[in-house]
Each structure stands twice: as structure tokens, then as C-alpha cells.
Amino acid sequence: MIKGITWIRPARSAEEFDALESFFSVLGFEPGKGWDDEINRGRPFLAPLGNLEFVHGTIRATADTLIEVTALDDVRRVVEHWLTKHLTASEVTKRITATEDTHWKSRAFTVEPVQGIKFAFWEWLDPLKGKPAALDGDLVANGMKFAIIVARWNAVITERLLQGALDCLHRSGVRKGDIELLRVPGSWEIPAAARAIAETKRVDGIVTLGCLLRGETDHFEAIYNEVARGIGQSQQETGVPHSFGVLTCDTLEQALDRAGLKAGNKGFEAAAAAIEMVSLKRKISSDESAGQEASQ
Ligand code: DLZ
């Protein structure tokens, strides 16, 4: 019956509220539904998991809000960038601690985005701790390069998918200059363009975006099968992750729902899948090289 926990952190001034809102916005939290009324305002930030924890004995945590993350060094870079933008150089060093091992088999640093309000960010030393024995990719994409291939056919849909994909890439840390945008006439042409860009090895991942409408597309099944096969084949033969953002719908209305209306934005989801696969691929490679070093 319990559904969730809301922990309210009062801001002492409008400036403090704005600073906290700005700080948490850059960190990749999912924004909740904010509210403003005559007497106050609130901005919720959501995390996939949360808990309320009571502690008895000597408290060794360095902050009363602990935020578990999966890529602590990347989070630290984002935090440092935010601090540098908002504080003087001498203040920055006072507001962030070094990243150190904790007594609970993890690493952590503490940051004070506004004076007197501290947050500790931490990650397990063993990335598989608390999870089934599985490797998974992160959604942190700083430094990654992507190509987006977008079909012009049904542009009213595909342009929305494109906006969703760009939104996801930018919010995950991909720089504008690290995205190559390729436009092709229709979905049929996506595999050839994907293959051509993948073979250059200029990009780490490829997002494919198109829209096939059953009612309006002759040989719908044949075209769809070929597009799906071609994208899959390009991915497997080049080793570059390709995500599949080609909608196949019966009607334009269904496609609109999947391009930002009722059913989310499949372009955003395709970009997130591409980031995750690039990250996973990197983890697999670094696991392999760690394994090779260990056996030498
Ligand atoms: C020709 C065609 C048709 C009928 N329908 C679609 C569609 O629903 N979605 C899409 O992306 N493209 C369509 N096309 C265009 C083909 O994909 C291709 O661009 C042309 O046949 C030229 O090769």
C-alpha cells in the first residue's frame, strides 16, 4: 500500500531555491510535477529508487541526503562544472570534498551547492553489488559521438522523433558537435545510410528514426522487414550499436501518440537505447581487458 516517500527540503530564500533547482536539474534526475501557489512553490526531483533510513549509533555519513549513482566520476564532473559556473574558484574547493572510499565498500564525495546544504553522491566499489550478476549500460553519454538517421517520409512524425532523440542525447551529456544528423528520403534508405556512417567508425552509436504507416504504405510488411533486417545487419557486421526508432503504425494518430503524445516519444527512447548500448559495449571491452591483465 505504501507508494512513495517525499522528503521536503525547505529552501531558506528564493535564491537558494533557484540554486538547488538548477543544481539538481543538471544531474539527470527526472523532474517531477512542480507547483506554485500563493504561498509557496515546490520542485520535486525523482529517482528510480528511494528509501527512508533511520540510523542509531555514530553517524558516519557526511550528509543527510545520500544519492546513489552508477558513474560517480562522471557525476563529479557535472557537479564541478555547475560549481564553477555558480561560485568563485576559491569557494568551489571549499564546497566539494575529494572522492574517497567509505566504510560501506563504496566511494563518495560531498558537495554543498548552497551553503549549509550538503549532498553526498556515492557508488558501490563493486558495480554489481546489490544487483543480479549482470552488466548494464549507463545513460551517461559525455564524450560519446552519435549519428542520427532520420527519414523525411512522414516528416510530421519523424521530426518529432528527432526532437525527442536530440533532447535525450543532450540531456545525457552529448555535445552538439558530437552529433551527425543524416536525412534520407524514406525508411527504406535508412539501412544504407546507417551502414555507410557505421563503416567510417566516426560515431560510437547510431539512432535510426522513421515512420511506416500500414494504411498508406504498399508492401508494408516487405518494406518493414527489409528496413529492420538492414539496420540489424549493419549493427552486427560493423559492431557499432544501432537503435531502432522506426515506427510501424496502422494510422497517423497512433504514430502521433508515439511521437510525443500519449505513448511517450520513441525517438527519445531510441536515443536512450543507443547510449545504453554504447556504454554496455565499453563496459564489456573494459571487463575483457581487465580479465586479460589479470591472467597475464
Ligand atoms: C514509398 C513509401 C511509402 C508508400 N510509404 C512510406 C512510409 O510510410 N514511410 C517511409 O518512411 N517511407 C515510405 N515510402 C518511401 C520509401 O521508404 C522510399 O523512400 C522510397 O520508396 C524511395 O526508395
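This structure is a prediction, so every number in the text was calculated from the model and none was measured.

Undergrad: Whenever I open this one, the site of the ligand confuses me. Can you help?
TA: All residues in the neighbourhood of the ligand are listed as Trp-153, Asn-154, Pro-185, Gly-186, Ser-187, Trp-188, Glu-189, Cys-211, Leu-212, Leu-213, Glu-216 and Thr-217. For the ligand, a nitrogen atom lies 3.2 Å from a polar atom in the side chain of Trp-153. Look at the ligand: alone it shows 480 Å² of surface, and the protein chains cover 75% of it. Considering only residue class, the shell around the ligand consists of 6 nonpolar, 4 polar and 2 charged.

Undergrad: Mind showing me how you'd approach the side chain of Arg-76 here?
TA: Its place among the elements puts Arg-76 in helix H2 (residues 72–86). For Arg-76, a relative accessible area of 15% puts it in the buried group. Residue contacts for Arg-76: discarding those within four places in its chain leaves Ile-96, Thr-97, Ala-98, Thr-99 and Phe-109.

Undergrad: Would you explain the nonpolar core in this entry?
TA: One recurring pattern in soluble globular proteins: nonpolar side chains tend to sit buried together. Core analysis: the largest hydrophobic core is formed by 28 residues, its most contacted members being Phe-146, Ile-148, Leu-169, Val-207 and Leu-209. Going through the elements one at a time, strand E9 (146–151), helix H4 (155–171), strand E11 (205–213), strand E12 (242–249) and helix H8 (266–295) are the ones with two or more residues in this core. Considering each element in turn, this core owes the most residues, 7 residues, to H4. Apart from residues no more than four positions distant in its own chain, Ile-148 is found in contact with Leu-162, Ala-165, Leu-166, Leu-169, Ile-179, Glu-180, Leu-181, Leu-182, Val-207 and Leu-209. Counting 22 residues, the second-largest nonpolar core is a separate cluster that includes Phe-24, Val-69, Leu-83 and Phe-119.

Undergrad: Please explain the domain arrangement of the protein as it appears in this structure.
TA: Many authors give the size of an interface as the accessible area that is lost as the parts come together. Looking at the protein, the domain boundaries give domain 1 (14–124) and domain 2 (146–283). Each of domain 1 and domain 2 has a C-alpha centre, and these two points are 34 Å apart.

Undergrad: What am I meant to see in the sheet that holds strand E8 (residues 117–124) here?
TA: Pairing between sheet strands relies on hydrogen bonds along the backbone, with the strands arranged either parallel or antiparallel. Pairing is mixed across the open sheet formed by 4 strands, whose spatial order is E5-E8-E7-E6. Looking at strand neighbours, the two that pair on one side only are strand E5 (66–68) and strand E6 (100–101), the edges of this open sheet. In terms of strand pairing, E6 meets strand E7 (residues 106–114) through 2 bridges, oriented antiparallel. Counted as the bridge partner of Asp-101 is Arg-107 from E7.

Undergrad: Just to check I follow, could you spell out the packing of helix H1 (residues 14–25) against H2 for this structure?
TA: How two helices pack is summed up by the angle between their axes together with the distance between the axes. The interhelical angle for the contact between H1 and H2, taken along N-to-C directions, is 145°, at an axis separation of 10 Å. The two elements H1 and H2 meet at a crossing, and its hand is right-handed. The residues of H2 that touch H1, namely those facing Ala-19, Ser-22 and Phe-23, are Val-79, Trp-82 and His-86. Among the residues forming the contact of H1 with H2, the class breakdown is 4 nonpolar, 2 polar and no charged.

Undergrad: So what exactly am I meant to see when it comes to the pairing of E9 here?
TA: Regular strands place side chains that alternate from one sheet face to the opposite one. Here E9 lies mainly inside the structure; 6 of its 6 residues are buried. Covered by surrounding structure in E9 are Phe-146, Ile-148 and Val-150 together with Ala-147, Ile-149 and Ala-151, the residues of both alternating faces. One ladder, built from 6 bridges, connects E9 with strand E10 (residues 179–184); its direction is parallel. Residue Ile-148 lies in a different strand from E10, and its bridge partner there is Leu-181. Taken together, E9, H4 and E10 constitute a β-α-β crossover, and its handedness is right-handed. Sheet topology note: the E9/E11 ladder contains 5 bridges and is parallel. Residue pairing for E11: Val-150 is matched across the bridge by Leu-209.

Reading the values: rules and limits
- Residues numbered from 1 in each chain as written.
- Predicted model: local features only at pLDDT ≥ 70, side-chain atom pairs only at ≥ 80, totals over all residues.
- Heavy atoms only, no water.
- Near = heavy atom within 4 Å.
- Polar contact = N/O pair within 3.5 Å; in protein donor to acceptor, adjacent residues only side chain to side chain.
- Areas by Shrake-Rupley, 256 points an atom, 1.4 Å probe, with all protein chains shown as cover.
- Nonpolar A, V, L, I, M, F, W, Y, C, P; charged D, E, K, R; others polar.
- Helix = DSSP H or I, 4+ residues; strand = E, 2+ residues; numbered from the N terminus.
- Buried < 20%, exposed > 50% of the residue type's maximum accessible area, 1.4 Å probe, protein only.
- Contact = heavy atoms within 4.5 Å.
- Core = buried A, V, L, I, M, F, W, Y, C linked by side-chain atoms within 4.5 Å.
- Domains from an automatic or database assignment.
- Pairing = 2+ DSSP bridges.
- Axes fitted to C-alpha atoms, helices over the stretch in contact; angles between N-to-C directions.
- Left-handed = near helix turned anticlockwise from the far one by under 90°.
- Right-handed = clockwise from strand over helix to strand, strands pointing away.

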